[in-house]
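As a plain string of letters, each chain reads:
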Amino acid sequence: MGGHGYSGWWGRMGGPKHRGIVTYQLSPYEMKTNAHLISKGTHNFFRRTSSQLGYILPGIFLFWAVTHFGKKRHEWLNSKAGHAAQHEHEH
């Protein structure tokens, strides 16, 4: 059914030792995570964003148009004219 019993705490499972695994690590003192953030980061942000506008803007416009239409339609349906028009279609 289950396993063969308790095999040890995590990391000491009692299995064979791994060989040939190499890990690399960069010292946190050598990383410059915020180097040139202001001078080059803003330029790269605007350059990359402007190159993607052709893909982003149609979706934003479509979302705005559907939302705008829905709000106007909802307002009209809850107005006196909308109620009268709905009442005419029911009969």
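Before reading further, recall that the structure is shown in the block above.
A quick note: this is a predicted structure, and the numbers were derived from the prediction, not measured. (Residues numbered from 1 in each chain as written. Predicted model: local features only at pLDDT ≥ 70, side-chain atom pairs only at ≥ 80, totals over all residues. Heavy atoms only, no water.)

Visitor: What's the story with the overall build of the chain in this structure? I'm lost.
Guide: A tally of regular secondary structure across the chain gives two helices and zero strands. Classification of the 91 residues of the chain by burial places 2% in the buried group. (Helix = DSSP H or I, 4+ residues; strand = E, 2+ residues; numbered from the N terminus. Buried < 20%, exposed > 50% of the residue type's maximum accessible area, 1.4 Å probe, protein only.)

Visitor: Can you walk me through the packing of aromatic side chains in this structure?
Guide: Counted by the stated rule, this structure contains two aromatic pairs. Summarising the aromatic geometry, the rings of F45 and F46 are spaced 5.2 Å apart at their centres and angled 75° between planes, so their arrangement reads as edge-to-face. For F46, a relative accessible area of 57% gives the class exposed. (Phe/Tyr/Trp six-rings, centres within 6.5 Å; stacked < 30°, edge-to-face > 60°.)

Visitor: I keep staring at the packing of helix α1 (residues 37-77) against helix α2 (residues 80-90) and nothing clicks. Help me out?
Guide: The geometry of a pair of packed helices is captured by two quantities: the angle between their axes and the separation between those axes. Where α1 contacts α2, the axes come no closer than 5 Å and their chain directions differ by 75°. Between α1 and α2, the crossing angle belongs to the class labelled roughly perpendicular. In contact with R73, W76 and L77 of α1, α2 contributes A81, G82, H83, A85 and Q86. The residue makeup of the contact of α1 with α2, split by class, is four nonpolar, three polar and one charged. (Axes fitted to C-alpha atoms, helices over the stretch in contact; angles between N-to-C directions. Parallel < 35°, antiparallel > 145°, perpendicular 65-115°, else oblique. Contact = heavy atoms within 4.5 Å. Nonpolar A, V, L, I, M, F, W, Y, C, P; charged D, E, K, R; others polar.)

Visitor: What am I meant to see in the environment of G82 here?
Guide: Summarising the element assignment, G82 is placed in helix α2. Its relative accessible area of 0% is what places G82 among the buried residues. With near-sequence residues (within four places) excluded, G82 lies in contact with W76 and L77.

Visitor: Sorry, what's going on with α1 here?
Guide: Since the α-helix advances by 3.6 residues per turn, residues separated by three or four positions end up pointing in the same direction. End to end, α1 covers just 51 Å across 41 residues, shorter than the expected 60 Å (1.5 Å per residue, more than 12% under). L53 marks the point of greatest bend in α1, at about 60°. (Expected span 1.5 Å × (residues − 1). Bend = angle between axes of the 7 residues up to and from the residue.)

Visitor: Please clarify how a nonpolar patch on the surface should be interpreted in this entry.
Guide: On the surface, L53, Y55, I56, L57 and I60 cluster together into a nonpolar patch covering about 510 Å² of accessible area. Position of Y55 relative to the elements: it lies in helix α1. (Patch = residues over 30% accessible without salt bridge, like charges linked within 9 Å, V, L, I, M, F, W, Y side chains within 5 Å. Areas by Shrake-Rupley, 256 points an atom, 1.4 Å probe, with all protein chains shown as cover. Salt bridge = Lys/Arg side-chain N within 4 Å of Asp/Glu carboxyl O.)

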